[in-house]
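# Descriptive structure summary
Letter by letter, the chains look like this.
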Amino acid sequence: MHQASPVSEVPTIVQRVKIKRTYWYYLRRWPIIPLIILSALVFVGVTAPWIAPNDPLKQHLPQRSAKPFYQDGSPYLLGGDHVGRDVTSRVIHGARISLTVMAVAMSAGMVIGTTLGLVAGYAGGIVDEIITRIVDIWLGFPFLLLALVAAITIGASFTVVMGLMVLLAWSGFVRNVRADVLVLKELDYVAAAKIAGASRTRILVRHIFPGTIGTVTVIASLSVGGLILSEATLSFLGAGIPAPTPSWGNMVSEGRDYLQTAWWTSAFPGAALFLTVMSLNFFGDWLRDRLDPKLRQLD
Amino acid sequence: MARYLVRRFLFAIITLLLASMIVFGLSRLAGDPLLIYAKPGGYGMSPQRVEDLSKKLGLDKPLAVQYLVWLGRVLTGDLGETIVAETPVSRLIGQRMIPTLQLGLAASVFAIVLGLPLGVVSAVKRGTGWDYFARILALVGQAAPQFWIAMMAILLFAIILGWLPVATAGPDDVPLWNWGKLRYFVMPVVTLGWGPAAAILRLTRSSMLDVLDSEYVKLARAKGVNSNSVIWKHAFGNAVLQPLTVAALTLAGFITGAVVIERIFAWPGIGQLTIDAVWNNDFPTLTSTVLVLTAIYVGMNFLADIGYVYLNPTIRYS
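Every residue gets a number counted from 1 within its own chain, in the order that chain's sequence is written. As they are written, the chains are lettered A onward and the ligands numbered 1 onward, keeping that order. Reporting of local features is limited, given that this is a predicted model, to residues whose pLDDT is at least 70; pairs of side-chain atoms are given and counted only at 80 or more, and all residues count toward the totals for whole chains, interfaces and linings. Heavy atoms from the whole structure form the basis of all side-chain values; hydrogens and water molecules are not counted.

### Some points on the overall build of chain A
A run of DSSP states H or I qualifies as a helix once it reaches four residues; a run of E qualifies as a strand once it reaches two. Both are numbered from the N-terminal end. Helix and strand counts for chain A come out as twelve helices and zero strands. Summary of the burial criterion: residues with accessible area below 20% of their type's maximum are buried, those above 50% are exposed, and those between are partly exposed, where the area comes from a 1.4 Å probe applied to protein chains only. Of all 299 residues assigned to chain A, the portion counted as buried reaches 48%. When contacts within chain A are restricted to residue pairs at least 6 apart in sequence, those whose partners lie at least 24 apart make up 71%. Split by element, the accessible area of chain A, about 14,800 Å² in all, is 66% carbon and sulfur. In this description, contact between two residues means that some pair of their heavy atoms is separated by no more than 4.5 Å. We get accessible surface area from the Shrake-Rupley algorithm with a probe of 1.4 Å; when it comes to residues, only the shown protein chains can shield them.

### Quick look at the packing of helix H7 (residues 158-169) of chain A against helix H10 (residues 200-236) of chain A
All names here are of chain A. It is the contact of H7 with H10, at a shortest axis distance of 10 Å, that shows an interaxial angle of 140°. When the axes of H7 and H10 are compared, the pair comes out oblique. With respect to the hand of their crossing, H7 and H10 are arranged in right-handed fashion. On the side of H7, the interface is formed by Val161, Leu164, Met165, Leu168 and Ala169, while H10 contributes Leu227, Ser230, Glu231 and Leu234. Classification used: nonpolar for Ala, Val, Leu, Ile, Met, Phe, Trp, Tyr, Cys and Pro, charged for Asp, Glu, Lys and Arg, polar for all others including Gly. A class-by-class count of the residues in the contact of H7 with H10 yields seven nonpolar, one polar and one charged. Convention adopted: a line fitted to C-alpha atoms gives each axis, helices being fitted over their contacting stretch, and angles between N-to-C directions are expressed from 0 to 180 degrees. Working rule for angles: under 35 degrees goes down as roughly parallel, over 145 as roughly antiparallel, 65 to 115 as roughly perpendicular, anything else as oblique. Left-handed describes a crossing in which the near helix is turned anticlockwise from the far one by less than a right angle; the clockwise case is right-handed.

### Points about the confidence of the model for chain A
Every residue is assigned a pLDDT by the predictor, reflecting its confidence on a scale from 0 to 100. Mean pLDDT over chain A stands at 82; residues scoring 70 or higher make up 89%. Per-element averaging of pLDDT across chain A places helix H1 (residues 13-29) of chain A at the bottom with 68 and helix H9 (residues 188-195) of chain A at the top with 90.

### What to know about the interface of chain B and chain A
Often, the extent of an interface is quoted as the loss of accessible area on bringing the components together. Chain B puts 51 residues into the contact, and the matching count from chain A is 46 residues. By convention, the term buried area covers the 1.4 Å-probe accessible surface removed from two parts as they join, with the contributions of both added. With both sides pooled, the region where chain B packs onto chain A buries about 4,200 Å², and carbon together with sulfur makes up 75% of that total. Contact with chain A buries surface across chain B, with Phe147(B), Trp148(B) and Met151(B) losing the most and accounting together for 14% of the total. One side-chain nitrogen of Lys or Arg within 4 Å of one carboxyl oxygen of Asp or Glu is enough to make a salt bridge. Where chain B touches chain A, the interface holds two salt bridges.

Here you go:
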């Protein structure tokens, strides 16, 4: 054995490759980048009024279609839109809409869907039949199309859009939660609870519901990206969040006619959407592998 | 199995009926349909004329009766007239159907032709550059909003590079296989087909990985069957069933995709008609197009069910 020379303090090529590999290892094993992006999204969304450099609604006509990255004396980082509003501030405020979809619509849908799944699975019989059929029929609708008609006839507003998103979100939970309950309710500890005299509600809430939390989390995280895209699509078609409130979907739409002169009006909010949804998908996949291996497909 | 299919069929019918009720209900919620034709007490509208008009349109009857009358007309193919041009909606839809079907068909072919082979390659060459390329393609297809991809494609290929036309389905008098017509299809087809291609790719990849890991494939390899033959003859046939049936489902998603893509590319199809109807407050057209699109959607779902039953004998019919 020869002694380690002083030179080997500097990592050799092999060691360097190893170090590189461990970085890769952690980057692949933990959803670090998606989590950073999502944390940034939450931070930006929550603190939007304080960190946005400008008023997202203030029009400043001399700066219309101002170039991004402060080129040619432009005052805006990501440029100005066709009426001179600051795209940076609008993207920052737009994060709030997507966050609300995530926080409000997804949670409401989750509560409704999980409750229905729990009830359907535990009650069985005619109740189960009815709930399952409703879900079947609901999943057969081309939802976005009907939402389009609904938003136009009722009038597009923040509340209407969130309501529609709840209607879209709930159905995904019912089947899987129900399937879980069918297994859980046959287990011995549930029988024990029954013998001990626990009421049906107590069994459902205290003993069966905790067993479905994994499934619920996984489904929520896997479907939230699609939900954000649905809201953006509605807004893009002019049936979502009404202008001038900035949502990423309607910002892309507003930039449509100015693609030639001011591509940044559409490009940046769309990129924000893309990054957000991609991070959510990554995170969802990771969570699924962690929490619910039976939902896993070989990847 | 026949019972299962009959049940699925009944559900399809119920879904359609419910959709028609929702559409009808919503169109009434928007306000008195008479207001679209004429404001009561407005210029040239005597109370007598208002009454005549509402009698003519059947608005003096209860809502349920109105619905049934409307449904009866729709079932016999009478979709009413457009508000502005007063042309029959059914004829308009007939005209607009062809470009939409062309677009949808081309996008399906694109999605399958791209998704299936790439899925197989990415499973077989797992962990290589091909695999990463395919997975990035799938990742972008599933996470990037369609409308954004479409607009960025226009920016790059039409505005900056000038290779492809921005909008419309191209001239009508040029045959479809001519590049002069075909170039109009490239961007809409790719942007519409990318998402479904991504879904098909991921499914093919995972089911192919499953199959490649199975005993019979290992046996085939062990007895010395050459690699190509193992992949395409032994494994592929088995692995492709699930993605193909799911493909039918994702293709149903073209319906909403078509609305977005047709709007961006000014494609003269039924999706564009729907959006125009939205902006014109043209309810006869809007309700009709939405109904027709819903019918297509439900029909495709039903076909996917049938395909699933035929291709997968182990499905539980419950």
